[in-house]
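The chain contents come next:
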Amino acid sequence: MLFPALFALGGAFFFLILRVQGADGCFPKPLTPDKEAELLRKMQQEHDENARAQLIEHNLRLVAHIVKNG
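Residues numbered from 1 in each chain as written. Predicted model: local features only at pLDDT ≥ 70, side-chain atom pairs only at ≥ 80, totals over all residues. Heavy atoms only, no water.

Report on the overall build of the chain, specifying residues and quantitative values.
Summing up its helical and strand segments, the chain has four helices and zero strands in all. Moving toward the C terminus, one meets the helices and strands of the chain in the order α-α-α-α. Within the span of the chain, comprising 70 residues, buried residues form 11% of the whole. For the chain, contacts bridging at least 24 residues in sequence account for 47% of all contacts bridging at least 6. Taken as a whole, the chain presents about 5800 Å² of accessible surface, with 66% of it coming from carbon and sulfur. (Helix = DSSP H or I, 4+ residues; strand = E, 2+ residues; numbered from the N terminus. Buried < 20%, exposed > 50% of the residue type's maximum accessible area, 1.4 Å probe, protein only. Contact = heavy atoms within 4.5 Å. Areas by Shrake-Rupley, 256 points an atom, 1.4 Å probe, with all protein chains shown as cover.)

Could you give me a rundown of the confidence of the model for the chain, with the residues and numbers involved?
Across the chain, pLDDT averages 78, with 64% of residues at or above 70. Confidence scores differ between elements of the chain, with helix H1 (residues 2–21) showing the lowest mean pLDDT of 53 and helix H2 (residues 33–46) the highest of 97. (pLDDT = per-residue confidence, 0-100.)

Quick rundown of the pattern of salt bridges? Include the residues and the values.
This structure, assessed with the given rule, holds two salt bridges. Ionic pairing is found between Glu38 and Lys42, a salt bridge with its closest N-O pair at 3.5 Å. In this pair, Glu38 and Lys42 are both assigned in helix H2, four residues apart and thus about one turn of the helix distant. The closest approach of N and O atoms between Arg41 and Glu46, which form a salt bridge, is 3.2 Å. (Salt bridge = Lys/Arg side-chain N within 4 Å of Asp/Glu carboxyl O.)

Could you give an account of the environment of Leu40, with specific residues and numbers?
Inspection of the secondary structure assignment puts Leu40 in helix H2. In sequence terms Leu40 and Leu55 are 15 residues apart; their C-alpha atoms lie 7.8 Å from each other.

Describe the packing of H2 against helix H3 (residues 49–58), and please don't skip the residues or the numbers.
One way to put it is that H2 packs onto H3 with a least axis distance of 8 Å and a crossing angle of 140°. It follows that H2 is oblique to H3 by the angle criterion. The two elements H2 and H3 cross, and the hand of that crossing is left-handed. Along its contact with H2, which presents Lys35, Glu36, Leu39, Leu40, Lys42 and Met43, the element H3 presents Ala51, Arg52, Gln54 and Leu55. Of the residues contributing to the contact of H2 with H3, the split by class is five nonpolar, one polar and four charged. (Axes fitted to C-alpha atoms, helices over the stretch in contact; angles between N-to-C directions. Parallel < 35°, antiparallel > 145°, perpendicular 65-115°, else oblique. Left-handed = near helix turned anticlockwise from the far one by under 90°. Nonpolar A, V, L, I, M, F, W, Y, C, P; charged D, E, K, R; others polar.)

Break down unusual backbone geometry for me, citing the residues and quoting the values.
A negative phi angle characterises most non-glycine residues, just as the trans form characterises most peptide bonds. For His47, which is not glycine, the phi torsion reads 55° and is therefore positive. Among the structural elements, His47 can be located in the loop between H2 and H3. Overall, His47 belongs to the exposed group, its relative accessible area being 62%.

Right under this line is the structure:
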């Protein structure tokens, strides 16, 4: 019962990493402070889901670093 759940979770994580990293295996470049501030404003004031997605994707490098060195 535990193994299928772990396998499904691992597969979803693997799919996410492949989707975000792209063909060259690199994470998206970090956002400039101005662009990040603009996206945060859009997300908070306009509830822009695209801005939210961009913030998440461009900060995955930080998430990977925390997971690796956590």
